[in-house]
Amino acid sequence: MSGTLAAFQAGIGRALLGEASCPIDPASPGFRFTLSVRRSWCKGRSIMAARAVLEALPDEESQRLVSEYLEQGGGSEVSLAIENERFLQFLLPRLPDPSMALSICRMNQALNLARRGAMNFSPPELRNPDAPVVRGQYASLVWYRTGPHEAPMPPAGEKSLSAESPESAVLFAPGLPNLFRLASQAEAGFWRALPAIDAPRGLIASLLRDGVIEYPD
Amino acid sequence: MPAPLGVGFGCHPGLPDAIYMSDLLDFVEVTPEVFHREQRVQGRFEFVPDRKALDIARRRCGNLPMAMHGVSLSIGSAHGMYEPCLSMLERLQGEWPFAWYSEHLHFQTTLDAQGQPANTGIPFPLPPTNEAAALVAERAATIQRLVGVPFLLENPVHYLPDLPSDPDIGDEFGLMASIVARSGCGQLLDLHNLYCNATNFGFHPLAALDRIRLDRVGEIHVAGGSWRDGFYMDAHDGAVPEPVWDLLDHTLSRAPWITGVVFEILDEYLPRLGADGIARQIERARGIWQHHHPIAMAA
């Protein structure tokens with residue numbers, strides 16, 4: 001064989017991007033079929049990676065976004081978790097605001113963030129009640145809207161959330177059981193007002209324990 | 001390899017527990033990546049265990065001997081294999097010990113124009129060259145030492161014609177034989193992959209079997225496939241075709257090192273066969289196995 005293994009593999013990589021440097025005859029039925037199988041795999045992986053968001057969109061819009069993602073090289077990650085994060089990042093600025101799809105996208109991202117934080121999370125020792133606090137670096141509060149006939153989607157196949165009103169807030173944090181729960185009005189108000197700490201001490205202590213808020217250092 | 005076990009099946013979360021609790025199976029094959037999430041930890045990717053999924057899997061299958069069958073090592077990537085797989089396996093060996101570890105002989109990452117690893121989206125075959133054989137053999141020997149159990153490489157399926165080759169290696173069978181001889185690792189012989197390649201490239205699978213080191217085959221896979229655009233695909237989408245059952249029967253009598261046979265199917269096609277249909281495939285494999293290993297099965 002002339003050339004090295006690295007050159008062969010780089011040539012395949014460039015051919016997948018449409019560049020004319022393929023070490024295999026790009027016009028051969030086998031190569032064309034390989035590309036078709038690859039596209040099918042990438043499409044399937046993309047849909048699996050963000051199924052809940054895509055299902056909240058009209059079919060046509062969902063298909064358009066998947067196609068656009070594939071055109072930009074999406075769907076090729078070996079890891080579904082990484083594909084999920086990558087596709088959500090792609091979808092976020094392209095979803096209608098407000099929309100159920102956008103809320104689900106944000107909830108999925110918030111869950112991923114909380115999951116990352118949960119790997120090394122331990123509740124802090126409580127300090128002076130007047131000590132300043134900030135939003136937890138792995139915590140999020142996501143608003144979602146539902147119409148009268150739309151059921152809110154749980155972000156990761158966990159237990160269902162029940163909507164009390166057309167607009168509800170969900171807290172995501174590394175210390176919460178299942179990493180998320182509905183936020184009370186007081187909690188949502190406090191989150192919005194941060195870094196001010198005008199809140200009952202019991203509420204602050206409980207949010208610190210769950211990683212929703214943290215000390216700034 | 002361990003003493004012959006019999007017939008195994010993947011650990012599928014979507015199937016009833018009964019399949020794993022019955023006498024149907026002799027061992028289970030676990031794809032470790034399914035029970036982990038890949039996350040960036042301190043700037044590097046790591047496989048972080050999905051504790052809930054792992055605990056469920058162990059509850060269901062923990063009573064059976066277990067083999068690990070990885071999917072993301074990319075052992076043939078010239079720029080390097082995917083090291084987080086090895087850390088994951090080292091940790092798992094202490095937590096849920098496995099009897100052997102297998103991976104695929106292919107590459108699925110390459111370097112992009114900026115020199116960064118890029119996924120190819122699907123696995124690609126290695127060219128049958130001395131360079132590829134030497135690279136994979138060295139890695140296979142290292143892996144075997146690291147995990148402390150036999151390491152098996154699976155023959156790939158692909159649709160690419162005219163791969164560049166060295167004359168003394170020749171083709172995919174020459175490549176696998178060379179790697180096995182150089183590294184001391186074994187082979188996971190996927191008979192459906194062999195059947196696909198034989199069908200698509202026009203060679204006879206029995207002639208190919210004559211060129212495979214059957215004395216180094218530790219495990220066999222069987223699966224189903226389907227036709228698309230004039231190619232027979234390794235789709236793992238249903239029942240095993242008759243010619244593959246025939247190949248299994250032919251091979252088992254010639255593979256003295258064999259430990260077990262696994263029926264493979266993708267999760268999304270489980271409903272197509274259903275639990276009963278899957279049980280029938282496993283029983284069929286068991287019948288052929290038993291024909292060649294009556295003592296092991298009785299024990």
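Let me begin by describing the structure that accompanies this report. (Residues numbered from 1 in each chain as written. Chains lettered and ligands numbered in written order. Predicted model: local features only at pLDDT ≥ 70, side-chain atom pairs only at ≥ 80, totals over all residues. Heavy atoms only, no water.)

**Quick look at the packing of aromatic side chains**
To describe a pair of aromatic rings, you give the distance between the ring centres and the angle between the ring planes.
Reasoning step 1: Summed over all chains, the structure comprises 16 aromatic pairs over all chains.
Reasoning step 2: Aromatic ring contacts, followed pair by pair, group Phe8 of chain A together with Phe107 and Phe124 of chain B into a single cluster.
Reasoning step 3: Above the plane of the ring of Phe90 of chain A lies Arg94 of chain A, whose end atom (NZ or CZ) is 3.8 Å from the centre.
Reasoning step 4: Here the basic side chain of Arg216 of chain B rests over the ring of Trp257 of chain B, its NZ or CZ set 4.2 Å away from the ring centre. (Phe/Tyr/Trp six-rings, centres within 6.5 Å; stacked < 30°, edge-to-face > 60°. Lys NZ or Arg CZ within 6 Å of the ring centre and 35° of its normal.)

**A short note on the interface of chain A and chain B**
Reasoning step 1: Counting residues at the interface gives 37 residues for chain A and 42 residues for chain B.
Reasoning step 2: Summing the contributions of chain A and of chain B, the shared interface buries around 3,200 Å²; its carbon and sulfur component is 67%.
Reasoning step 3: Seen at the junction of chain A and chain B, the total is zero salt bridges.
Reasoning step 4: Between chain A and chain B we count 11 residue pairs in polar contact (both at pLDDT 80 or more) in total.
Reasoning step 5: Looking at the side of chain A that touches chain B, the element that brings in the most residues is helix H2 (residues 29-49) of chain A, giving 12 residues.
Reasoning step 6: Here the side of chain A that touches chain B is composed, by residue class, of 18 nonpolar, 12 polar and seven charged. (Contact = heavy atoms within 4.5 Å. Buried area = accessible area lost by both parts, 1.4 Å probe. Salt bridge = Lys/Arg side-chain N within 4 Å of Asp/Glu carboxyl O. Polar contact = N/O pair within 3.5 Å; in protein donor to acceptor, adjacent residues only side chain to side chain. Helix = DSSP H or I, 4+ residues; strand = E, 2+ residues; numbered from the N terminus. Nonpolar A, V, L, I, M, F, W, Y, C, P; charged D, E, K, R; others polar.)

**Considering the sheet that holds strand S1 (residues 6-10) of chain B**
All names here are of chain B.
Reasoning step 1: Pairing is parallel around the closed barrel formed by eight strands, whose spatial order is S1-S2-S5-S6-S9-S10-S11-S14. For this sheet, the mean angle separating the axes of adjacent strands, direction not counted, is 30 degrees.
Reasoning step 2: Here helix H9 (residues 270-292) sits on the sheet and contacts S1 and strand S14 (260-264); the angle it forms with S1, its principal contact strand, is near 150 degrees. (Pairing = 2+ DSSP bridges. Axes fitted to C-alpha atoms, helices over the stretch in contact; angles between N-to-C directions.)

**A few points about the pattern of salt bridges**
Reasoning step 1: All told, the structure shown has 16 salt bridges over all chains when counted by the stated rule.
Reasoning step 2: For Asp237 of chain B, the salt bridge identified is with Arg272 of chain B, shortest N-O distance 3.6 Å. Of this pair, Asp237 of chain B sits in the loop between strand S13 (231-233) and helix H8 (242-252) while Arg272 of chain B sits in helix H9, placing them 35 residues apart in sequence.
Reasoning step 3: Because the salt bridges share partners, they merge into one network encompassing Glu61, Arg64, Glu68 and Arg94 of chain A.

**Re the environment of Leu91 of chain A**
Residue and element names in this part refer to chain A.
Reasoning step 1: You can see Leu91 is positioned in helix H5 (residues 80-91).
Reasoning step 2: Looking at Leu91, the relative accessible area reads 0%, which means it is buried.
Reasoning step 3: Sequence separation of Leu91 and Trp143 is 52 residues, and the distance between their C-alpha atoms is 17 Å.
Reasoning step 4: Among all residues touching Leu91, those that are not within four sequence positions of it are Ala50, Val53, Leu65 and Cys105. (Buried < 20%, exposed > 50% of the residue type's maximum accessible area, 1.4 Å probe, protein only.)

**Some thoughts on the packing of helix H3 (residues 84-95) of chain B against helix H4 (residues 130-147) of chain B**
Residues and elements named next belong to chain B.
Reasoning step 1: Between H3 and H4, the least distance of the axes is 10 Å, while the angle of their chain directions is 30 degrees. In terms of orientation, H3 lies roughly parallel with respect to H4. Pair H3 / H4 crosses with right-handed handedness. Between H3, through Leu86, Leu89, Glu90 and Gln93, and H4, the contact on the second element is made entirely by Ile143, Leu146 and Val147.
Reasoning step 2: For the contact of H3 with H4, the per-class residue count stands at five nonpolar, one polar and one charged. (Parallel < 35°, antiparallel > 145°, perpendicular 65-115°, else oblique. Left-handed = near helix turned anticlockwise from the far one by under 90°.)

**Quick notes on the pairing of strand S2 (residues 27-30) of chain B**
Each regular strand displays side chains that alternate between the two surfaces of the sheet.
Residues and elements named next belong to chain B.
Reasoning step 1: The alternating pattern of S2 places Phe27 and Glu29 and Val28 and Val30 on opposite faces, both of which are buried.
Reasoning step 2: As paired strands, S1 and S2 are joined by three bridges and run parallel to one another. Bridge assignment links Gly10 to a residue of S2, and that residue is Glu29.
Reasoning step 3: In this structure, S2 lies alongside strand S5 (residues 66-69), joined through three bridges in parallel fashion. Its bridge partner being in S5, Glu29 is matched across the sheet by Ala67.

**Describing the side chain of Arg60 of chain B**
All names here are of chain B.
Reasoning step 1: Within the secondary structure, Arg60 sits in helix H2 (residues 51-61).
Reasoning step 2: The class of Arg60 is buried, set by a relative accessible area of 4%.
Reasoning step 3: Reaching out from Arg60, the side chain makes a polar contact with the backbone oxygen of His12 at a distance of 2.7 Å.
Reasoning step 4: In this view, Arg60 contacts His12, Pro13, Leu15, Pro16, Asp17, Tyr20 and Met21; residues no more than four positions away in its chain are not counted.

**Quick word on the pairing of strand S6 (residues 101-104) of chain B**
All names here are of chain B.
Reasoning step 1: Of the two faces of S6, the one lined by Tyr101 and Glu103 and the one lined by Ser102 and His104 are each fully buried.
Reasoning step 2: Two elements, S5 and S6, share two bridges in a ladder whose sense is parallel. Pairing of His69 across the sheet is with Ser102, part of S6.
Reasoning step 3: Handedness of the β-α-β unit built from S5, H3 and S6 comes out right-handed. (Right-handed = clockwise from strand over helix to strand, strands pointing away.)

**Regarding the packing of helix H4 (residues 59-71) of chain A against H5 of chain A**
Residues and elements named next belong to chain A.
Reasoning step 1: Contact geometry for H4 and H5: axes closest at 11 Å, N-to-C directions at 115 degrees. The pairing of H4 with H5 is recorded here as roughly perpendicular in orientation. Taken as a pair, H4 and H5 cross one another with a handedness that is right-handed. The residues of H5 that touch H4, namely those facing Leu65, Val66, Glu68 and Tyr69, are Glu83, Arg86, Phe87, Phe90 and Leu91.
Reasoning step 2: Classifying every residue of the contact of H4 with H5 by side-chain character gives six nonpolar, no polar and three charged.

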